[in-house]
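Chain by chain, the residues:
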Amino acid sequence: MDARSPDLTSDAAGWRTDAPATKSLAEVNSTIAVPAAGRWWRRLLAFVGPGYLVSVGYMDPGNWATDLAGGSKFGYTLLSVILLSNLMAILLQSLAARLGIVTDRDLAQACRATYSPAVNFLLWLACEAAIIACDLAEVIGTAIALKLLFGIPLIGGALLAALDAFLLLLLMNRGFRFLEAFVIALLAVIAVCFAVQIVAAAPPVAEVLHGFMPKTEIFTNPEMLYIAIGIIGATVMPHNLYLHSSIVQTRAYERNEKGRREAIKWATTDSTIALMLALFINAAILVVAAATFHKSGHSDVAEIGQAFELLSPLLGLGIASTLFAIALLASGLNSTVTATLAGQIVMEGFLDLRLPSWARRLLTRGIAIVPVIVVTAIYGERGTADLLVFSQVVLSMQLPFAVIPLVRFVSDRRKMGQFAIPPYVAAIAWIVAGVIVILNLKLLADTLFG
């Protein structure tokens, strides 16, 4: 090993314990070949996939309500907030990929190798709560989409959503590339659905571009600031940091200095391109809401059901509402698949506890479905909308417990050696972490105490 490279097993390298005996996602770790030579695009294609699995969390049903509310109420103004939150996500996900590639640990394993058992147990509880909350949002989104498309009651839709646990099991058994292909295909469906709606809405290009420019009004208008905080809070998902640090290790790059450096470059390129797709979809939701609802005076549209009912009449395109619901269903399916996979990574990483994959996925799905069924039975559809908001609050609470350890680890030269991020990148990362933590705490306080 190069003298400057991090020693991944020595306590002197800054880890409390030795390297994990079992690799992260051991069943698929290092299973995807990476060409050692040849054209650059062949090496890039070998790394294409993990970034798209991660991007799913940045366009899940939990983001839809904030994007719809921002567009219908304030037009294109909050596009700048979507852009800012996406840039934050690009930075944090690149750091998660770097951690996994350099240390051969996912973020959960890195925490277990650094902190005491008591601290790790608390971190695991917080992360499990976040994954259950995320899963809750996906189940609700999938159930709403099934109701809009096929008239299936919400309770029935929530029960049907449990079946995607078996879908994940089937895809993983076929190989990780099959899972990636499935996710990318559904992302393409979402992108096409919104591209058609944007063409139908025909928003003024100049106003859309102007919306990407930051404005002081966002900070001076309390209502606008609240929605802006909600957009950022719903965008950066804590489970994605654990997920990305693990799935980049599915590539069979050379575990040496040169191989890791190449892997960081291509993995970062992959996630950056994928997150730009997430930017397009989040921005498209807001643009369609602005061009359709805000323009027509429907400034109070904040729920998915309202948007579905109004889209076709206002756009004059009969298929618009159907495309909206199809995109929501694809988003819900994709998000439940990646969140369940993240649940496996977190449980194995923090606790070194390994359940059969089918049992782990059914357990996660069952915990998410029960609250949806209970709330729907008692309060109806309005209750599920409130539950969706609550899930985002829980995610906001957990975010600091993922972001702060990540930035700390990748800044530590004892752990990362020459792959530690430069001081100026570390400064930016800490600023981003601070901004996200502060905004999420404010979102939490405003949601709980008004």
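These figures come from a predicted structure and were not determined experimentally.

*Asks:* Please explain the overall build of the protein as it appears in this structure.
*Replies:* The helix and strand tally for the protein stands at 20 helices and two strands. Restricting to contacts in the protein with at least 6 residues of sequence separation, those with at least 24 account for 84%. Carbon and sulfur atoms make up 70% of the accessible area of the protein, which totals about 17100 Å².

*Asks:* What is the right way to read the pattern of salt bridges from this model?
*Replies:* Any two side chains of opposite charge can pair, given that their charged atoms come close. Counted according to the given criterion, the structure contains ten salt bridges. With its nearest N and O atoms 3.8 Å apart, the salt bridge here joins Glu 257 to Arg 261. Of the two residues, Glu 257 and Arg 261 both sit in helix H14 (residues 257-294), four residues apart, roughly one turn of that helix. Residue class for Glu 257 comes out partly exposed when judged on its relative accessible area of 23%.

*Asks:* Which parts of the structure should I look at to understand the packing of aromatic side chains?
*Replies:* Pairs of aromatic rings are described using the distance from one ring centre to the other and the angle between the two planes. Evaluation of the coordinates by the stated rule reveals nine aromatic pairs. A connected cluster of aromatic rings, assembled from ring pairs, spans Trp 15, Tyr 115 and Phe 409. When the ring centre of Trp 15 is taken as origin, the NZ or CZ atom of Arg 105, which lies over that ring, is 4.1 Å away. Between Arg 174 and the ring centre of Phe 178, over which it is positioned, the NZ or CZ distance is 4.3 Å.

*Asks:* Any chance you could explain the environment of Gln 398 here in plain terms?
*Replies:* Counting through the fold element by element, Gln 398 comes out in helix H18 (residues 381-411). The class for Gln 398 is buried, based on a relative accessible area of 2%. Taking C-alpha positions, Gln 398 is 9.5 Å from Ile 131, a pair spaced 267 residues apart along the chain.

*Asks:* What's the story with helix H7 (residues 154-161) in this structure? I'm lost.
*Replies:* Within an α-helix, residues lying three or four positions from one another point in the same direction, as the helix has 3.6 residues per turn. Within the sequence span of H7, burial applies to Leu 154, Gly 157, Ala 158 and Ala 161. Summarising the axial view, the buried residues of H7 lie within an arc of 100°, below the 170-degree limit, and thus occupy one face.

*Asks:* Can you help me understand the packing of helix H6 (residues 117-150) against helix H16 (residues 320-351) in this one?
*Replies:* A pair of packed helices is captured by two measures, namely the crossing angle of their axes and the spacing between those axes. Taken N-terminus to C-terminus, the directions of H6 and H16 make an angle of 160°; their axes are 8 Å apart at the nearest point. As far as their axial angle goes, H16 and H6 are roughly antiparallel. The hand of the H6/H16 crossing is left-handed. For the contact of H6 with H16, the per-class residue count stands at 23 nonpolar, nine polar and three charged.

*Asks:* How do you make sense of the nonpolar core when you look at a structure like this?
*Replies:* Most often, soluble globular proteins keep nonpolar side chains buried together rather than apart. Leu 78, Leu 179, Phe 194 and Leu 341 are the most contacted members of the largest nonpolar core, which totals 145 residues. When residues of this core are assigned to their parent elements, the largest contribution, 19 residues, is made by H14. Not counting chain neighbours up to four residues away, the residues in contact with Phe 194 comprise Trp 64, Ile 281, Ala 284, Ile 285, Val 288, Phe 324 and Ala 327. Core analysis: the second largest hydrophobic core is formed by seven residues, Ala 130, Cys 134, Ala 339 and Val 394 among them.

*Asks:* Just to check I follow, could you spell out the packing of helix H3 (residues 61-74) against H16 for this structure?
*Replies:* Running from amino to carboxyl end, H3 crosses H16 at an angle of 140°, the nearest separation of the two axes being 9 Å. On the basis of their axis angle, the class for H3 and H16 is oblique. Counted together, Pro 61, Trp 64 and Leu 68 of H3 and Phe 324, Ala 327, Leu 328, Ser 331, Gly 332 and Ser 335 of H16 form the full contact between these two elements. When its residues are assigned to classes, the contact of H3 with H16 shows six nonpolar, three polar and no charged.

*Asks:* Can you help me understand unusual backbone geometry in this one?
*Replies:* For residues other than glycine, phi is negative in most cases, and the peptide bonds are mostly trans. One non-glycine residue with positive phi stands out, namely Ser 30, at about 60°. Tracing the backbone through its elements, the reader meets Ser 30 in the segment before strand E1 (32-33). Accessibility expressed as a relative area gives 31% for Ser 30, which makes it partly exposed. The phi angle at Ala 202 is positive, at roughly 45°, despite the residue not being glycine. Locating Ala 202 in the fold gives a position in the loop between helix H9 (176-201) and helix H10 (205-211).

*Asks:* Would you mind going over the state of the cysteines with me for this structure?
*Replies:* Covalent bonding between the sulfur atoms of two cysteines is what defines a disulfide. Following the criterion strictly, the structure yields zero disulfides and no others. Considering cysteine sulfurs only, Cys 111 is the nearest to Cys 127, which forms no disulfide, with 8.8 Å between them.

*Asks:* Help me understand the side chain of Lys 215 in this model?
*Replies:* For Lys 215, the location among the structural elements is in the loop between H10 and helix H11 (217-220). For the buried Lys 215, no salt bridge is present, and the opposite-charge side chain at shortest range is Glu 217, 7.2 Å distant. A polar contact is formed between the side chain of Lys 215 and the backbone oxygen of His 210, at a distance of 2.7 Å. When sequence neighbours within four positions are dropped, the list of residues in contact with Lys 215 reads Thr 77 and His 210.

*Asks:* I keep staring at the confidence of the model for the protein and nothing clicks. Help me out?
*Replies:* Across the protein, the average pLDDT comes to 85, with 90% of residues at 70 or higher. The least confident element of the protein is helix H17 (residues 357-379), whose mean pLDDT is 70; the most confident is strand E2 (residues 251-252), at 95. This stretch, residues 1-12, has a pLDDT under 50; its non-local contacts, to residues over four places away or in other chains, come to 29 contacts.

*Asks:* So what exactly am I meant to see when it comes to helix H1 (residues 40-47) here?
*Replies:* Among all positions in H1, only Arg 43, Leu 44, Ala 46 and Phe 47 are buried. Along H1, the residues classed as buried sweep out an arc of 155° about the axis, all on the same side. On its buried face, H1 sits against E1, helix H2 (50-55), H9, E2 and H14. After H1 finishes, the residue Gly 49 shows a positive phi value of roughly 150°.

Parameters at a glance
- Residues numbered from 1 in each chain as written.
- Predicted model: local features only at pLDDT ≥ 70, side-chain atom pairs only at ≥ 80, totals over all residues.
- Heavy atoms only, no water.
- Helix = DSSP H or I, 4+ residues; strand = E, 2+ residues; numbered from the N terminus.
- Contact = heavy atoms within 4.5 Å.
- Areas by Shrake-Rupley, 256 points an atom, 1.4 Å probe, with all protein chains shown as cover.
- Salt bridge = Lys/Arg side-chain N within 4 Å of Asp/Glu carboxyl O.
- Buried < 20%, exposed > 50% of the residue type's maximum accessible area, 1.4 Å probe, protein only.
- Phe/Tyr/Trp six-rings, centres within 6.5 Å; stacked < 30°, edge-to-face > 60°.
- Lys NZ or Arg CZ within 6 Å of the ring centre and 35° of its normal.
- Arc of directions from axis to C-beta.
- Axes fitted to C-alpha atoms, helices over the stretch in contact; angles between N-to-C directions.
- Parallel < 35°, antiparallel > 145°, perpendicular 65-115°, else oblique.
- Left-handed = near helix turned anticlockwise from the far one by under 90°.
- Nonpolar A, V, L, I, M, F, W, Y, C, P; charged D, E, K, R; others polar.
- Core = buried A, V, L, I, M, F, W, Y, C linked by side-chain atoms within 4.5 Å.
- Disulfide = S-S within 2.5 Å.
- Lys, Arg positive; Asp, Glu negative; His and termini not counted.
- Polar contact = N/O pair within 3.5 Å; in protein donor to acceptor, adjacent residues only side chain to side chain.
- pLDDT = per-residue confidence, 0-100.

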